[in-house]
Each structure stands twice: as C-alpha cells, then as structure tokens.
Amino acid sequence: MNRSTFPHRLLPWLLIAPQLAISLVFFYWPAVQALWQSMLREDPFGLKSRFVGLQNFQKVLAEPAYINSIQVTAVFSILTAFFSMAIALLLAVQAEKIVRGRGFYRTLMIWPYAVAPAIAGMLWLFMFNPSFGTLAAIPRALGIHWDPLLNGTQAMGLVVAAASWKQISYNFLFFVAGLQAIPKSLLEASAIDGAGPVRRFWTIVFPLLAPTSFFLLVVNTVYALFDTFGIIHAVTSGGPGKSTETLVYKVYNDGFVNLLIGSSAAQSVILMVIVIALTAFQFRYVERKVHYG
Amino acid sequence: MQRRNLIAVAAACFALPALPAVAQTEISWWHAMTGANAEVVEKIAGDFNATQSDYKIVPTFKGTYPETLNAGIAAFRAGQAPEIMQVFDVGTGVMMGAEGAVMPVADVLTNAGMTFDKSQYLPGIVAYYSKPDGTMLSFPYNSSSPITYINKDIFTKAGLDPEQPPKTWNEVWDMAKKIKQSGAAPCGYTSTWLTWIHLENFAAWNDVPYATYGNGLEPGGVPELKLNAPVFVNHFQALADLAKDGTFKYGGRTSEAKQIFLAGECGIFTESSGGLGDIVKSGMNYGIGQLPYDTDAGGPQNTIPGGASLWVFGGKSEEQYKGVAAFFDYISKTEVQEYLHQKSGYLPVTLAAYDATKTSGFYGQNPGRETPITQMMGKAPTENSKGVRLPNLPQVRDIANEEFEKMLAGEQDAQATMDAIVERGNAAITEAYGG
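All values reported here derive from a predicted model rather than from experimental measurement.

Novice: Please clarify how the overall build of chain A should be interpreted in this entry.
Specialist: When helices and strands are tallied, chain A shows 14 helices and two strands. Referenced to the eigenvectors of the C-alpha coordinate spread, the extents of chain A come out at roughly 75 × 75 × 30 Å. For chain A, the proportion of its 293 residues judged to be buried stands at 41%. Partitioning the contacts of chain A with sequence separation of at least 6, the portion at a separation of at least 24 is 66%. As displayed, chain A offers around 16600 Å² of accessible surface, 71% of which is attributable to carbon and sulfur atoms. With 20 positive and 11 negative side-chain charges, chain A shows a spacing of 7 Å between the two charge centroids.

Novice: Got a minute to help me understand the state of the cysteines in this structure?
Specialist: Here a disulfide denotes a covalent bond joining the sulfur atom of one cysteine to the sulfur atom of another. Residues and elements named next belong to chain B. Counted by the stated rule, this structure contains one disulfide over all chains. Shown here is the disulfide that connects C187 with C266, its sulfur atoms set 1.8 Å apart. Of note, the bridge from C187 to C266 carries an S-S torsion of about 110 degrees and is right-handed in sense. Here C187 is found in strand β7 (residues 187-191), whereas its partner C266 is found in strand β9 (residues 266-272), with 79 residues between them in sequence. By relative accessible area, which is 0% here, C266 ends up buried.

Novice: Would you mind going over helix α6 (residues 117-127) of chain A with me for this structure?
Specialist: Residues and elements named next belong to chain A. Those residues of α6 lying buried are A120, G121 and W124. Projected down its long axis, α6 shows its buried positions confined to an angular sector of 100 degrees, all on one face. Contact partners of the buried residues in α6: α8 (152-180) and α12 (229-235).

Novice: Is there a simple way to explain the pairing of strand β2 (residues 55-61) of chain B in this structure?
Specialist: Sheet faces and side chains relate simply in a regular strand, where the side chains alternate between the two faces. Residues and elements named next belong to chain B. Across the seven residues that make up β2, a large majority, seven, are buried. Residues of β2 alternate between two faces, with Y55, I57, P59 and F61 on one and K56, V58 and T60 on the opposite face, all of them buried. Where strand β1 (residues 25-31) meets β2, seven bridges bridge the pair, whose relative direction is parallel. Within β2, the position partnered with T25 by the bridge is Y55. One crossover worth recording links β1 to the parallel β2 by way of helix α2 (residues 35-51), and it is right-handed.

Novice: Got a minute to help me understand the nonpolar core in this structure?
Specialist: Note that soluble globular proteins tend to have their nonpolar side chains buried in a common cluster. By size, the foremost hydrophobic cluster in this structure holds 118 residues, and its most contacted members are Y141, Y210, F328 and I331 of chain B. Of the residues forming this core, the biggest block, nine residues, is contributed by helix α11 (residues 230-244) of chain B. Residue contributions to this core reach at least three from each of two domains, namely domain 1 (25-144 + 305-359) and domain 2 (146-302 + 386-432) of chain B. Apart from the residues lying within four places of it in its own chain, the contact partners of Y141 of chain B are W29, M33, V40, V41, I44, Q86, A308, S309, L310, I331, L340 and V349 of chain B. Judged by nonpolar contacts, the second largest core, of 20 residues, contains W124, A136, L158 and V257 of chain A.

Novice: Can you walk me through the sheet that holds strand β10 (residues 286-289) of chain B in this structure?
Specialist: Think of a sheet as strands paired side by side through backbone hydrogen bonds, with each pair either parallel or antiparallel. All names here are of chain B. Spatial strand order, β8-β7-β9-β6-β10: five strands in an open sheet with mixed pairing. Only two strands of the sheet have a single neighbouring strand rather than two, namely β8 (248-250) and β10. Here the strands of the sheet are splayed against their neighbours by 25 degrees on average, with no regard to which way each runs. Here β7 runs beside β9; their pairing, made up of four bridges, is parallel. From the neighbouring strand, T190 faces β9, where its bridge partner is F269. Packed onto the sheet, helix α8 (residues 169-182) meets β7 and β9 and runs at close to 135 degrees relative to β7.

Novice: How do you make sense of the side chain of N302 of chain B when you look at a structure like this?
Specialist: All names here are of chain B. Within the secondary structure, N302 is located in the loop between β10 and β11 (306-313). The class of N302 is buried, set by a relative accessible area of 3%. Side chain to side chain, N302 and Q301 meet in a polar contact 3.2 Å long. Of the polar contacts made by the side chain of N302, one reaches the side chain of S385; its length is 2.5 Å. For N302, the residues in contact, after removing those within four places along its chain, are A204, W205, Q375, M376, K379, A380, P381, T382 and S385.

Novice: Whenever I open this one, the pattern of salt bridges confuses me. Can you help?
Specialist: If charged atoms from side chains of opposite charge come close, those side chains can pair. If you walk through the whole model with that rule in mind, you get 22 salt bridges over all chains. The partner of K244 of chain B in a salt bridge is D241 of chain B, and the shortest N-O contact between them spans 3.4 Å. Of this pair, K244 of chain B and D241 of chain B both sit in helix α11, separated by three residues, roughly a single helical turn. E405 of chain B is paired through a salt bridge with R253 of chain B; the nearest N and O atoms lie 2.9 Å apart. Of this pair, E405 of chain B sits in helix α19 (residues 393-408) while R253 of chain B sits in the loop between β8 and α12 (257-262), and the two are 152 residues apart along the sequence. For the pair E405 of chain B and R253 of chain B, a shared accessibility class is recorded, and that class is buried. Each of K242 and E245 of chain A together with E402, E403, K406 and R424 of chain B takes part in a single network of salt bridges with overlapping partners.

Novice: Mind showing me how you'd approach the interface of chain B and chain A here?
Specialist: When the parts of a complex come together, some accessible area is lost, and that lost area is often taken as the interface size. Contact residues are listed per partner, giving 29 residues for chain B and 24 residues for chain A. Interface of chain B and chain A: buried area, both sides summed, is about 2300 Å²; carbon and sulfur atoms make up 55% of it. At the surface where chain B touches chain A, the tally comes to four salt bridges. Our count for the contact surface shared by chain B and chain A stands at eight residue pairs in polar contact (both at pLDDT 80 or more). Contributions of two or more residues to the side of chain B that touches chain A are made by α3 (65-77), α4 (92-96), β8, α19 and α20 (414-432) of chain B. Examining the composition of the side of chain B that touches chain A, we find that six residues originate from one element, α19 of chain B, more than from any other. Taken together, the residues of the side of chain B that touches chain A break down into 13 nonpolar, six polar and 10 charged.

Novice: How should the side chain of D89 of chain B be read in this particular structure?
Specialist: Residue and element names in this part refer to chain B. Following the sequence through the fold, D89 ends up in the loop between β3 (84-88) and α4. Buried within the structure, D89 lacks any salt-bridge partner; its nearest side chain of opposite charge belongs to R397, at an N-O separation of 4.1 Å. Apart from the residues lying within four places of it in its own chain, the contact partners of D89 are Y128, Y129, W196, P305, G306, G307, A308 and R397.

Novice: Can you walk me through the domain arrangement of chain B in this structure?
Specialist: All names here are of chain B. The domains assigned to chain B are domain 1 (25-144 + 305-359) and domain 2 (146-302 + 386-432). Summarising the inter-unit geometry, the C-alpha centres of domain 1 and domain 2 are found 28 Å apart. On the side of domain 2, 16 residues touch domain 1, which itself brings 17 residues to the contact. Each partner contributes to the roughly 1200 Å² buried at the junction of domain 1 and domain 2, and carbon and sulfur atoms together form 56% of this total. If you sort the residues of domain 1 by the area they bury against domain 2, V90, Y128 and S144 come out on top, with a joint share of 39%. Across the contact surface, domain 1 and domain 2 share zero salt bridges. Our count for the contact surface shared by domain 1 and domain 2 stands at two residue pairs in polar contact (both at pLDDT 80 or more). Ranked by residues supplied to the side of domain 1 that touches domain 2, first place goes to α4 with four residues. The residue inventory of the side of domain 1 that touches domain 2, partitioned by class, reads nine nonpolar, seven polar and one charged.

Quick notes on the rules
- Residues numbered from 1 in each chain as written.
- Chains lettered and ligands numbered in written order.
- Predicted model: local features only at pLDDT ≥ 70, side-chain atom pairs only at ≥ 80, totals over all residues.
- Heavy atoms only, no water.
- Helix = DSSP H or I, 4+ residues; strand = E, 2+ residues; numbered from the N terminus.
- Buried < 20%, exposed > 50% of the residue type's maximum accessible area, 1.4 Å probe, protein only.
- Contact = heavy atoms within 4.5 Å.
- Areas by Shrake-Rupley, 256 points an atom, 1.4 Å probe, with all protein chains shown as cover.
- Lys, Arg positive; Asp, Glu negative; His and termini not counted.
- Charge placed at Lys NZ, Arg CZ, Asp CG, Glu CD.
- Disulfide = S-S within 2.5 Å.
- Arc of directions from axis to C-beta.
- Pairing = 2+ DSSP bridges.
- Right-handed = clockwise from strand over helix to strand, strands pointing away.
- Core = buried A, V, L, I, M, F, W, Y, C linked by side-chain atoms within 4.5 Å.
- Domains from an automatic or database assignment.
- Axes fitted to C-alpha atoms, helices over the stretch in contact; angles between N-to-C directions.
- Polar contact = N/O pair within 3.5 Å; in protein donor to acceptor, adjacent residues only side chain to side chain.
- Salt bridge = Lys/Arg side-chain N within 4 Å of Asp/Glu carboxyl O.
- Buried area = accessible area lost by both parts, 1.4 Å probe.
- Nonpolar A, V, L, I, M, F, W, Y, C, P; charged D, E, K, R; others polar.

Structure representation (structure tokens):
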C-alpha cells in the first residue's frame with residue numbers, strides 16, 4: 001500500500017521538505033542562535049564577544065527585576081485567561097438562547113478577533129486616556145482617581161482589559177461550537193426533572209464543555225504569555241515603574257532598548273523552555289485527563 | 001503617521017528597481033524623522049540629488065530613534081549597514097563604543113579632500129559629538145535644547161504677567177500653584193522627557209555634576225552617578241509634592257505631555273525646542289522662556305544639545321565616502337542650515353547660518369526662537385555642562401523613569417527615588433563597562 005502510494009523512498013521526504021525547510025529556517029536556526037547568544041557577552045555591534053557559559057542565566061535569575069517580571073506575567077496571564085474565557089462563556093451561553101438573528105450576533109462577536117494587538121491596545125489607551133478618554137469619565141464619576149500612567153494597578157487593569165477583549169471572540173467561537181455539541185436530550189431530560197437553568201448549566205453544560213475549556217485554557221495562557229506584546233507596548237510600555245513588564249516585554253526591552261544582547265537571549269531561552277514545558281504538559285497530561293464526550 | 005511613512009517607504013523601495021540604471025553611487029540615509037521634520041529630510045535629500053549627478057541620497061524612515069539605532073545595529077551585524085544613520089543624543093555613547101564599526105566624520109571629510117573647519121560650527125554641539133582628543137565623530141544634523149513654553153491666555157486668567165515666563169524653578173512652582181488655585185487651568189505645570197530635562201540638562205544648566213569623570217566624557221574610569229545630591233533631591237521633592245494635588249501633571253516618559261499642554265490643561269510646559277512646530281500649528285497664544293534654573297546652585301550655566309547626529313558606517317567604498325562627504329558639505333551650507341533651523345525649530349549647526357538668520361530679522365518676527373541657541377552658547381561649558389556620555393544612557397534613563405513613576409504615584413519620596421536611581425544606575429553602568 002505504502003509502496004504504491006510512494007513509489008520512491010525519496011518522495012515522502014521531498015513532500016515534507018518545504019515544511020522542514022520552514023521549520024529549520026524560522027525555528028531551529030534562530031533557536032540555536034539564541035542558545036549560542038545566551039552564552040556570550042557581547043557589545044551591541046558584535047565587535048567583541050566572549051564566551052561566558054551560563055553566567056547570563058545566573059545574572060538574569062538573580063535579578064530582582066526578573067523575579068518581578070515573573071510575578072507580573074503570572075498575574076497578567078491568569079487574569080487575562082480567566083476574564084477572556086469567563087466572559088466568552090457567558091456570551092456564548094446567552095447567544096445560544098437567542099432565536100432570531102443568532103448568526104448576526106455571532107458575526108458581530110467575532111469581529112474583534114480581526115483587530116491587531118497594537119491597534120486593540122491603542123483603542124483602549126484612547127478610550128481610557130485620563131485627559132480626553134470617553135470611558136475614563138466612568139471611573140472618575142465613581143470617585144476613583146483614574147491615572148493609569150502612574151497607578152500600577154490601574155495600568156494592569158487596562159492591559160488585562162485590552163488583552164481579554166481581543167481574545168473573547170476566539171473563545172466565544174469555540175464555546176459556541178462546544179455548546180452545540182451538547183445533546184439537547186440531556187438538557188430536556190433534566191428540565192423535566194425540575195432542574196433550573198443555573199443548575200442545568202453547572203451540572204450538565206459546564207462539565208461537558210471541559211474539553212473545550214481545557215483546550216482554550218492552554219491557548220489563552222500561551223496567548224497571554226506571548227501574543228500580548230503589542231498591547232503592552234502600545235498601552236504602557238511596561239510602566240509605570242515595572243508594573244506591567246511581562247517576561248516577553250522584558251526580553252524586548254533588555255535586548256532592543258538597553259542593548260543587553262546576552263541577557264536578552266538568556267531570557268528568551270528561558271521562555272523557550274517554558275513553552276516546551278507547557279506544550280509537553282498539554283500533550284502528556286491534560287489531553288489524557290480530559291474526558292472527550 | 002508612522003504607518004503611513006512606512007507604506008511610503010515600502011512603496012519607494014518597490015519603485016526603485018524600476019528606475020533606469022545610471023552610473024550613480026547610491027548612499028542610503030536611515031532616519032527617524034516624522035511629520036514636518038520628515039518633510040525637511042526629503043527636501044534636503046531631493047535638493048542635494050538635484051544639484052549633482054554623481055551621487056544619490058536615499059533617505060529611509062526606520063521608526064523612532066531607538067528603533068532606528070537598533071535597525072542600524074542589526075544591519076551592521078548582518079553586513080548590510082547603511083552609509084549614513086541618524087542616531088539620537090543618548091545613543092552617542094553606544095556609537096562611540098563601536099570603534100571599528102563607524103568611520104569618524106572628520107576622516108570622511110579629510111579623505112575626500114575637504115577641509116573640516118571646526119570653528120565654523122557651534123562649539124557646544126561639535127564638542128558633544130567629538131572624541132576627547134577633538135576628532136569629530138558624527139555630523140550634528142538636528143540639535144535641540146529644552147525651553148519653557150507658557151500658555152499666555154492661562155497666565156492672564158490666573159492674574160500672572162504673560163510677558164514674564166518663569167526664570168527659576170521656584171518661580172515655576174509658585175506660578176503653577178497660582179494657576180491651579182485660581183482655577184485658570186486644571187494643572188499648573190507639565191513636562192516632557194523628565195530624564196533629559198530634569199536630570200541631564202538640569203545638571204548642566206545648574207553646573208552640578210551628573211556623574212563622575214566629567215559625566216562620563218573623560219576617560220580613566222567607570223563613571224558614578226551623582227544624582228542623589230541635595231540639589232536634585234530638593235528639586236524632585238518639590239515636583240513630587242506638586243504632583244499630589246495635580247498642580248504638576250505627569251504625561252509620560254517621552255514627549256506625551258505635549259498633548260496635555262496643547263489641550264490647554266496646563267499653563268507652563270518644558271519641552272524641546274524641536275517641539276515648537278506643533279505648538280505653532282495649534283494656534284495657541286504661547287510664550288517662550290529659557291529653561292528655569294535652581295537658585296541653590298551655580299546656574300544658569302549652559303544647556304547640552306539634544307536631538308540627533310549623523311553617523312557614517314565603516315567598510316564602505318571610497319566612492320561612497322566621497323558622496324557622504326559631498327552631502328555633509330551640502331547640508332553645512334548656510335541656506336540649507338537656515339531652512340532646517342527656521343522650518344523645524346532645531347538649532348543651526350554653523351555660525352554662518354545663525355548669523356544669517358539673525359540678520360534676516362527672523363528672530364525679531366519670531367521672538368523666543370533664539371532662546372535655545374543663546375542658552376546653549378551663552379557660556380563656555382564647564383566640566384558639568386559639556387554633556388553626559390554613558391555607554392548605556394538609554395538604560396539609565398529607563399531606570400530613572402521607573403523610579404520617577406513610583407515617586408509620582410506617592411510610593412516613595414525624592415530621597416529614596418534618587419538613591420534608587422544612583423544604586424541601580426551605577427550597577428548597570430558597571431555592567432556596561434564590562435564589570
């Protein structure tokens with residue numbers, strides 16, 4: 001069978017060659033370079049370089065700013081993943097109830113996903129600008145001194161809001177699909193037995209959505225960790241102080257603003273290890289534990 | 001704005017190969033200018049190309065100052081460096097550390113058979129872009145100096161004399177309080193670039209040291225920051241106190257505060273002279289004064305140049321260097337410098353252009369436009385006012401900005417802030433020197 005499909009031994013290799021080439025050029029090559037760079041001490045122009053082994057890693061891990069950045073990343077990722085998923089689930093459940101114009105609402109819900117992260121960041125930045133932002137009037141009316149330029153908590157709130165808003169559409173789409181896969185007979189049976197809508201949701205819908213939720217949890221964590229650079233760059237640039245400097249932002253800032261190439265490379269290698277660990281965790285553990293109905 | 005420029009640049013890149021091949025030497029010029037200043041770049045390059053047919057200057061917009069510097073560094077590492085790159089003032093230390101990557105402008109000019117007469121240029125600016133032995137390393141293209149802008153309407157409303165901008169920092173604090181208390185405006189004072197204006201220029205203008213070893217300009221050792229001296233602490237404590245009730249309003253780390261001033265929210269504003277274009281455009285009834293000084297110190301001394309200069313990369317052909325030299329010769333011309341100065345608010349770099357602007361009556365019609373020049377050239381610079389040069393000044397600025405933000409948010413007082421800047425800054429400087 002295989003023989004007849006691939007008459008030559010080389011053909012399968014040829015067919016996957018483009019994919020291999022892309023992986024080599026765009027992933028393995030830069031990854032190996034980052035690994036090599038992370039063990040060098042170099043001036044910005046690369047005129048003088050010296051092999052220092054794991055010294056860059058030692059320095060990075062001993063840096064208080066790096067520890068702060070880990071905390072910031074944890075808070076940011078958890079909040080972003082939670083809010084984007086919780087709101088998307090709520091919206092998906094509500095959208096399911098609509099009989100007329102369901103397609104119209106769904107289409108509208110999906111639109112924000114098409115907005116580029118930097119643009120999303122700018123939108124939120126303008127809406128909540130303390131001087132002329134339209135929505136900045138709301139916290140002010142509530143008696144809150146709104147100043148995300150100086151207040152770290154408010155700045156974090158703003159980037160979490162922008163990052164979550166952008167991801168809600170994506171989550172919404174998956175939750176809608178997940179909801180449609182739940183057999184209506186189960187819901188009807190429990191309704192006949194006297195279970196209200198809230199109870200039906202928590203005992204039937206929510207557990208049956210577990211595979212979707214787990215998948216989204218992984219996707220959202222990766223999104224919050226790596227895809228939100230544009231939002232943070234546009235809204236806060238890591239400030240005020242270092243209160244919104246995530247790990248990815250710090251890699252950029254140390255490498256491209258402070259020109260500490262070795263330290264920046266070491267940080268990106270650490271990030272690479274985190275991604276590999278997350279992916280391995282997803283495949284080895286999460287995928288097996290989740291019950292796919 | 002930037003996006004549009006990028007598209008224009010991208011379009012230009014695609015259009016280039018379509019041009020007929022001429023025996024012309026192309027010289028690329030990477031820059032970071034936007035808006036009115038980008039138009040000046042295009043016009044100067046276009047005019048130069050029209051005056052002769054041997055060389056063609058191709059200006060390319062590369063993003064903000066740090067982005068341009070980074071693009072140049074990355075291009076150098078890949079062996080694709082442009083001939084000319086615009087580098088902002090704080091990147092000067094980075095470029096100076098890259099001996100072998102750059103070609104000193106003095107050499108470019110003399111190799112091309114031109115004489116470079118230093119006495120023709122504004123001394124403070126040339127000194128800033130020279131090696132300690134006096135060799136000029138980069139060509140000063142756009143230099144600016146921080147000045148005070150006031151909103152005259154707000155001054156009148158607050159019962160202040162609109163013809164008397166504040167001269168000292170104490171006057172700024174008092175007037176700002178009066179503006180706020182009288183209700184003439186929601187805020188009294190705001191400023192762009194706290195690091196450039198309130199640290200680097202504050203030190204030079206008041207003749208107090210920023211760091212040891214002549215603020216890093218003198219060889220011999222690793223400079224140590226001197227920013228927690230009482231004069232700095234008192235200054236920033238005053239700022240922090242005014243921030244509590246909004247008399248001082250923080251806009252951001254770079255030039256974001258310009259929007260606050262343009263919106264009429266604050267009466268007094270310190271900003272680069274290069275920011276004048278937008279203020280003129282807004283139609284505001286504005287006044288200009290020199291940068292305020294601190295009465296507890298030895299000022300006013302002289303301010304240090306900001307803005308950017310043009311660096312030439314090494315490893316190019318002799319023909320290309322000749323073209324670069326011809327271009328630098330062209331932009332040193334009095335009429336080109338006059339145009340640059342009057343259109344953009346940046347300083348002229350030659351004395352002839354300054355004199356020509358003076359005799360043309362431009363300063364008479366535009367009062368205040370001479371202020372950035374006189375405050376930079378008024379006195380011969382001292383050890384404290386030649387400039388600040390650290391191999392990682394952008395990083396030190398970042399550290400200072402982070403600590404300022406904590407202070408203005410009320411998390412720490414000025415003493416703790418300045419101590420933290422010195423401690424973290426010194427560690428970063430030692431590291432940058434290879435410690």
